[in-house]
Amino acid sequence: MIGIKIICVGRLKEKFYIDAQKEFFKRLTGYCKPEIIEIPEALLPQNPSEAEVLQSLEKECAAIERKLTAGAYLIALCVEGREMDSSELSNLLADCAGRGESKLNLVIGGSFGLHQRIKDRANMRISLSKMTFPHNLARIILLEQLYRAFKITEGGKYHK
């Protein structure tokens, strides 16, 4: 069974996000070994300078790097990533499993995205949409899409 670690910058605070995460996490346990790691988002002033943003991204990057699983296939979720539909994500997971990739790390950045070092280190970059989502909602969308991808592979009725 493939291990999927989702490393997220920021904590879920709203109950509806927490409940949605619990639900999809529970559903995923039938298909993979899911793990969610939360990295504290760097605190910035209301209108941070570019230098302050870069410093916060560096701090978050170092925390993310400490949580990455050695040898895992790394996917960075970022705006410049490749968009794919649910079937393509299903194929990606199946391809990884077929290549013997037993561990995946997926990284979701905070309000200012991900440090370039994480993007450069990634095996793949994915964008959830051309639209902009709060990173808390992006986490829920990712969890749902991972579940959908496994259901597609299974041939279940969840994906129509």
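To be clear, the structure that these remarks concern was listed above.
The paragraphs below set out a description of the structure included in this document. This one's a predicted model, so the numbers in the text were calculated from it and none came from an experiment. (Residues numbered from 1 in each chain as written. Predicted model: local features only at pLDDT ≥ 70, side-chain atom pairs only at ≥ 80, totals over all residues. Heavy atoms only, no water.)

**Comments concerning the overall build of the protein chain**
Move 1: A tally of regular secondary structure across the protein chain gives 5 helices and 5 strands.
Move 2: In sequence order, the protein chain lays out its α and β elements as β-α-β-α-β-α-β-α-β-α.
Move 3: What you see for the protein chain is a C-alpha radius of gyration of 16 Å, in line with the 15 Å of a compact globule of 160 residues.
Move 4: Projecting the C-alpha coordinates of the protein chain onto the three principal axes gives extents of approximately 50 × 35 × 25 Å.
Move 5: Looking at the 160 residues of the protein chain, the share that counts as buried comes to 47%.
Move 6: Within the protein chain, contacts between residues at least 6 apart in sequence are counted, and of these 85% link residues at least 24 apart.
Move 7: Taken as a whole, the protein chain presents about 8900 Å² of accessible surface, with 52% of it coming from carbon and sulfur.
Move 8: Taken as two groups, the 24 positive and 20 negative side-chain charges of the protein chain have centres that lie 6 Å from each other. (Helix = DSSP H or I, 4+ residues; strand = E, 2+ residues; numbered from the N terminus. Rg over C-alpha atoms; globule rule 2.2 N^0.38 Å. Buried < 20%, exposed > 50% of the residue type's maximum accessible area, 1.4 Å probe, protein only. Contact = heavy atoms within 4.5 Å. Areas by Shrake-Rupley, 256 points an atom, 1.4 Å probe, with all protein chains shown as cover. Lys, Arg positive; Asp, Glu negative; His and termini not counted. Charge placed at Lys NZ, Arg CZ, Asp CG, Glu CD.)

**Notes on the packing of aromatic side chains**
Centre-to-centre distance and the angle between the planes together describe a pair of aromatic rings.
Move 1: Under the criterion given, the structure shown has 4 aromatic pairs.
Move 2: Aromatic pair F16 and Y17: ring centres 4.5 Å apart, planes at 45°, arrangement tilted.
Move 3: Judged by relative accessible area, F16 falls into the exposed class, the value being 54%.
Move 4: Its relative accessible area of 13% is what places Y17 among the buried residues.
Move 5: With 6.3 Å between their ring centres and 55° between their planes, F24 and Y147 make a pair best called tilted. Highlighted residues: F24 in helix α1 (residues 15-28) and Y147 in helix α5 (residues 135-154), separated in sequence by 123 residues.
Move 6: Taken together through their ring pairs, the aromatic side chains of F24, Y31, Y147 and F150 make up a single cluster. (Phe/Tyr/Trp six-rings, centres within 6.5 Å; stacked < 30°, edge-to-face > 60°.)

**Some points on helix α2 (residues 50-67)**
Move 1: Between its first and last C-alpha atoms α2 spans 26 Å; for 18 residues at 1.5 Å apiece the expected length is 26 Å, and the two agree.
Move 2: Taken together, the buried positions of α2 are occupied by V53, S56, L57, E60, C61, A63 and I64. Taken around the axis of α2, the buried residues stretch over an arc of 170°, which confines them to a single face. Residues of α2 that are exposed and point over 90 degrees away from its buried face: A51, Q55, K59 and R66. (Expected span 1.5 Å × (residues − 1). Arc of directions from axis to C-beta.)

**What to know about helix α3 (residues 86-98)**
Move 1: The end-to-end C-alpha distance of α3, which contains 13 residues, comes to 18 Å, matching closely the 18 Å that a straight helix rising 1.5 Å per residue would cover.
Move 2: Among the residues of α3, S86, L89, S90, L92, L93 and C96 are the ones counted as buried. What you see down the axis of α3 is that its buried residues fit within an arc of 155°, all on one side.
Move 3: One side-chain oxygen of the residue at the start of α3 lies 3.1 Å from the amide nitrogen of S87, identifying that residue as D85. (Polar contact = N/O pair within 3.5 Å; in protein donor to acceptor, adjacent residues only side chain to side chain.)

**Re the nonpolar core**
Move 1: Core analysis: the biggest nonpolar cluster contains 32 residues, and I4, I6, I75, L92, L104, L106 and L146 have the highest contact counts within it.
Move 2: Those elements giving two or more residues to this core turn out to be β1 (3-9), α1, β3 (73-83), α3, β4 (103-108), β5 (124-127) and α5.
Move 3: Among the elements that make up this core, the one with the highest residue count is α5 (8 residues).
Move 4: Other than its neighbours up to four places away in sequence, L146 contacts I4, I6, L28, L89 and L93. (Core = buried A, V, L, I, M, F, W, Y, C linked by side-chain atoms within 4.5 Å.)

**A word on the state of the cysteines**
Move 1: According to the stated counting rule, one finds 0 disulfides in the structure shown.
Move 2: In this model C8 remains outside any disulfide bridge; the closest cysteine sulfur is found in C32, 14 Å from its own.
Move 3: Of the cysteine sulfurs around C61, a residue in no disulfide, the closest is that of C78, at 13 Å.
Move 4: Overall, the relative accessible area of 1% leaves C61 in the buried class. (Disulfide = S-S within 2.5 Å.)

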